[in-house]
Amino acid sequence: MSVCAALTGCDSGLSTLAPAGPGAQWIANLWWAMCLGAVALTGLVWVLVVMGFRKKPRKPRSVRFWALGMGVAMPLGVLTVLVGAGLWIGERLQARPGVDVVTVQAEARQWSWHFVQPGAGGKDVRTQNVLYIPAGLPVDVQITSRDVIHSFWVPRLNGKMDAIPGHRNVLRIQAFVPGRYEGLSAEFSGVGYGDMHFTVIAYAPDAMPDMAADVSSLGSARDSNHHQSAEGAP
């Protein structure tokens, strides 16, 4: 249990254990269930080990108990629950048609992300490494790649989705509240892979930001940080 608790101390900016949307919440719930199940099974193993070293004689269990009960029935029960839960949650992570669904586009390139999202008046706005979404609404991200396979991942909003050249995958994300959420490529794709970070900005639907101005500001800050990192490199 202490291992599970320690993992909650991970950086919340990229932690799947600090969900900020329904998709990530389902994933976190499944993770906690698996973690607690693993703790329970580990505890059972240690109990059996301790019982095996006790000097007090006991009537031995039958071969049927160990072979069919502990060796077949228990693993099948655990696997059935896990597979069932995984399928049930996976179905709820699928992008389904809806009247309030917002659609945006994400194109991965070596080594950046390019987005197209609706701006003021419904006009498309193109941004680099910054994605704007309305908080509280489901957003379908149509993901593709210009060159090699990348992977779109915003840990606090949902799971990963591959960006594949010539193909569009759809991932639904949603933020409970306005805020900034860190994203990155989760697929090694070459020497610049480590710099493929981006930011998802969830805004209140009735307070759309000036995307052009914000993108310029964020881009300048990112370029400054990159320049400082380069100067500090040997």
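Just so you know, the residues in each chain are numbered from 1, in the order the chain's sequence is written. The predicted origin of the model limits local features to residues at a pLDDT of at least 70 and limits the giving and counting of side-chain atom pairs to 80 or more, whereas totals for whole chains, interfaces and linings rest on all residues. With hydrogens and water stripped out, all remaining heavy atoms of the structure feed into the side-chain values.

Colleague: Describe in detail the overall build of the protein, supporting the description with residues and values.
Modeller: Check the secondary structure of the protein and you find four helices and ten strands. Going from the N terminus to the C terminus, the protein shows its helices and strands as α-α-α-β-β-β-β-β-β-β-β-β-β-α. Here's how the labels work: a residue is buried when its accessible area is under 20% of the maximum for its type, exposed when over 50%, partly exposed in between, all with a 1.4 Å probe on protein chains only. Out of the 234 residues in the protein, the part that is buried amounts to 30%. By the convention used here, residues are in contact when the closest approach between their heavy atoms is within 4.5 Å. In the protein, once contacts between residues fewer than 6 apart in sequence are set aside, the share between residues at least 24 apart is 65%. Note on areas: Shrake-Rupley, 1.4 Å probe, and residue coverage restricted to the protein chains presented here. As presented, the protein carries roughly 13900 Å² of accessible surface, and 61% of it is formed by carbon and sulfur atoms. Counting from the N terminus, the helices are the DSSP runs of H or I reaching at least four residues and the strands are the DSSP runs of E reaching at least two.

Colleague: I'd like to hear about helix α2 (residues 22-53), residue by residue, with values.
Modeller: For a helix, the expected span equals 1.5 Å multiplied by the number of residues minus one. With 32 residues, α2 should cover 46 Å at 1.5 Å per step; its first-to-last C-alpha distance of 47 Å lies within 8% of that length. Those residues of α2 not exposed but buried are Gly 23, Ala 24, Ala 28 and Cys 35.

Colleague: A description of the sheet that holds strand β2 (residues 112-118) should follow, citing residues and the corresponding values.
Modeller: Here, a strand pair is defined by DSSP locating no fewer than two bridges between the strands. Pairing within the open sheet is mixed, and its five strands lie in the order β3-β2-β1-β5-β8. Looking at the sheet topology across the chains shown, the edges are occupied by β3 (124-128) and β8 (169-173). Sheet twist, expressed as the mean angle between neighbouring strand axes with direction ignored, is 25 degrees. The sheet contact formed by β2 and β3 spans five bridges and is antiparallel. Among the inter-strand pairings, His 114 is bridged to a residue of β3, identified as Gln 128. Each axis is a line fitted through C-alpha atoms, and for a helix only the stretch in contact is used; angles between axes span 0 to 180 degrees, taken between their N-to-C directions.

Colleague: Tell me about the pairing of strand β1 (residues 102-109), and name the residues and values.
Modeller: In β1, alternate side chains face the same way, and those of Val 102, Val 104, Ala 106 and Ala 108 are buried while those of Thr 103, Gln 105, Glu 107 and Arg 109 on the opposite face are not. Note: β1 against strand β5 (residues 139-145), seven bridges, orientation parallel. Residue pairing in the sheet places Ala 108 in a bridge with Ser 145 of β5. Pairing geometry for β1 and β2, over five bridges, is antiparallel. Looking at the pairing, Gln 105 lines up with Val 116 of β2. Hairpin remark: β1 followed by β2, antiparallel, with two residues in the connecting loop.

Colleague: Go over the nonpolar core with me, naming the residues and quoting the values.
Modeller: By size, the foremost hydrophobic cluster in this structure holds 25 residues, and its most contacted members are Trp 113, Ile 133, Phe 152 and Leu 157. Per-element tally for this core: the top contributor is β1, with four residues. Counting five residues, the second-largest nonpolar core is a separate cluster that includes Val 130, Tyr 132, Ile 201 and Met 211. Buried Ala, Val, Leu, Ile, Met, Phe, Trp, Tyr and Cys residues that are joined via side-chain atoms within 4.5 Å together make up what is termed a nonpolar core.

Colleague: Any chance you could break down the side chain of Ser 15 for me, citing the residues and the numbers?
Modeller: Take Ser 15: it is sitting in the loop between α1 (2-7) and α2. Look at Ser 15 and you get buried, because its relative accessible area is 5%.

Colleague: Could you give an account of the pattern of salt bridges, naming the residues involved and the relevant values?
Modeller: The salt bridge definition used is simple: a Lys or Arg side-chain nitrogen within 4 Å of an Asp or Glu carboxyl oxygen. For the structure shown, the criterion picks out four salt bridges. A salt bridge links Arg 96 to Glu 91, with the shortest nitrogen-to-oxygen separation between them at 2.1 Å. Among the salt bridges present, the one from Arg 109 reaches Glu 107, with a minimum N-O distance of 2.7 Å. A relative accessible area of 22% means that Arg 109 is categorised as partly exposed.

Colleague: With reference to specific residues and values, describe the packing of aromatic side chains.
Modeller: Between the rings of Phe, Tyr and Trp (Trp by its six-membered ring), a pair exists once the centres lie within 6.5 Å; its type follows the angle of the planes, with under 30 degrees stacked, over 60 edge-to-face, and the other angles tilted. A complete count under the given rule lists nine aromatic pairs for this structure. With a centroid separation of 5.1 Å and an interplanar angle of 80 degrees, the aromatic rings of Trp 26 and Trp 88 are classed as edge-to-face. Taken together, the positions of Trp 26 in helix α2 and Trp 88 in helix α3 (residues 63-92) put the pair 62 residues apart, joining distant regions of the chain. We classify Trp 26 as partly exposed; its relative accessible area is 29%. Grouped by ring-pair contacts, the aromatic residues Trp 113, Phe 115, Phe 152 and Phe 198 constitute a single cluster.

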